[in-house]
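Chain by chain, the residues:
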Amino acid sequence: TRPRTVERQPTLAGSYLAGRSADAARDIGAAVDYYTAALKADPGNPGLTERVVLLALADGEMERAFRFADTLSRMDDNNPPARMALAVQATKARQYELAREHLSRMARADLATLTSGLMAAWIDFGHGDTKAAVARLAALNGPTWYTIFKTYHTALILDASGDLKGALAAIKSA
């Protein structure tokens with residue numbers, strides 16, 4: 001006789017463990033899929049939802065990341081990855097004020113503050129205001145390790161604006 005094959009529905013534990021395994025193996029696409037399956041069994045889990053947002057962004061699955069970021073922002077209004085993803089979505093749609101609003105609603109922590117400040121400067125630049133972008137970077141306050149990022153992005157923005165002399169001065173400073 002032939003062995004019987006039993007079809008089983010994915011379980012929360014199985015999907016989560018498979019996601020963790022794929023995540024540890026840096027198989028981002030598989031991790032996103034497994035964690036998404038786990039969320040079907042536990043849709044209100046903010047930690048798991050945040051992981052899906054981050055991994056979907058890393059895998060370039062922007063629409064999935066945006067969808068889960070929206071869900072996550074309703075669970076945790078100030079969640080930095082959710083607000084950052086939603087700011088990216090708004091920027092892609094050229095909704096710059098909405099993007100700035102998402103950035104302003106991020107919880108304040110050193111890395112989130114730096115990241116939102118850099119992104120806000122690039123939004124200013126994309127909106128055609130190089131002077132505001134550079135001023136925003138200069139005004140960005142935080143730990144001493146911010147300096148390298150601020151000067152590097154200042155150089156990039158000045159270079160993109162055509163100010164090669166200013167860009168070279170900024171990159172030498174970095």
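I will try to describe carefully the structure that is included in this document. Source: prediction; values computed, not measured.

Our next topic: the pattern of salt bridges. Taken as a whole and assessed by the stated rule, the structure comprises 10 salt bridges. A salt bridge links Asp124 to Arg100, with the shortest nitrogen-to-oxygen separation between them at 2.7 Å. Of this pair, Asp124 sits in helix α7 (residues 110–126) while Arg100 is found in helix α6 (residues 96–104), placing the two residues 24 residues apart along the sequence. By relative accessible area, which is 18% here, Arg100 ends up buried. By sharing partners, the salt bridges in this structure join Asp77, Arg83, Glu101 and Arg105 into a single network.

What follows covers the environment of Asp159. For Asp159, the position within the fold is in helix α9 (residues 146–161). Residues Asp159 and His127, 32 residues apart in the sequence, show an inter-C-alpha distance of 16 Å. Those residues within four positions of Asp159 in sequence are excluded, and the remaining contacts are Leu164 and Ala167.

Their axes nearest at 8 Å, the elements helix α5 (residues 80–92) and α6 cross at an angle of 170°. Relative to α6, α5 is oriented roughly antiparallel. Mapping the contact onto sequence places Arg83, Met84, Leu86, Ala87, Ala90 and Thr91 in α5 and Tyr96, Leu98, Ala99, His102 and Leu103 in α6.

Quick look at the packing of aromatic side chains now. Counted by the stated rule, this structure contains four aromatic pairs. Geometrically, the ring pair formed by Tyr16 and Tyr35 is tilted, given 6.0 Å between the ring centres and 40° between the ring planes. Highlighted residues: Tyr16 in helix α1 (residues 12–24) and Tyr35 in helix α2 (residues 28–41), separated in sequence by 19 residues. A relative accessible area of 33% means that Tyr16 is categorised as partly exposed. A relative accessible area of 2% means that Tyr35 is categorised as buried. For the pair Trp145 and Tyr146, a centre-to-centre distance of 5.1 Å together with 75° between the ring planes defines the contact as edge-to-face. For Trp145, a relative accessible area of 38% puts it in the partly exposed group.

With 18 residues, the main nonpolar core has Tyr35, Val53 and Ala69 as its most contacted residues. Those elements that provide at least two residues to this core are α2, α3 (46–58), α4 (62–75) and α5. The leading source of residues in this core is α2, at six residues. If we ignore the near neighbours within four places in the chain, the residues touching Val53 are Ala65, Phe68, Ala69, Leu72, Pro81 and Ala85. Grouped together as the second largest cluster of nonpolar side chains are 11 residues, Met84, Ala99, Met106 and Ala112 included.

Definitions and limits used
- Residues numbered from 1 in each chain as written.
- Predicted model: local features only at pLDDT ≥ 70, side-chain atom pairs only at ≥ 80, totals over all residues.
- Heavy atoms only, no water.
- Salt bridge = Lys/Arg side-chain N within 4 Å of Asp/Glu carboxyl O.
- Helix = DSSP H or I, 4+ residues; strand = E, 2+ residues; numbered from the N terminus.
- Buried < 20%, exposed > 50% of the residue type's maximum accessible area, 1.4 Å probe, protein only.
- Contact = heavy atoms within 4.5 Å.
- Axes fitted to C-alpha atoms, helices over the stretch in contact; angles between N-to-C directions.
- Parallel < 35°, antiparallel > 145°, perpendicular 65-115°, else oblique.
- Phe/Tyr/Trp six-rings, centres within 6.5 Å; stacked < 30°, edge-to-face > 60°.
- Core = buried A, V, L, I, M, F, W, Y, C linked by side-chain atoms within 4.5 Å.

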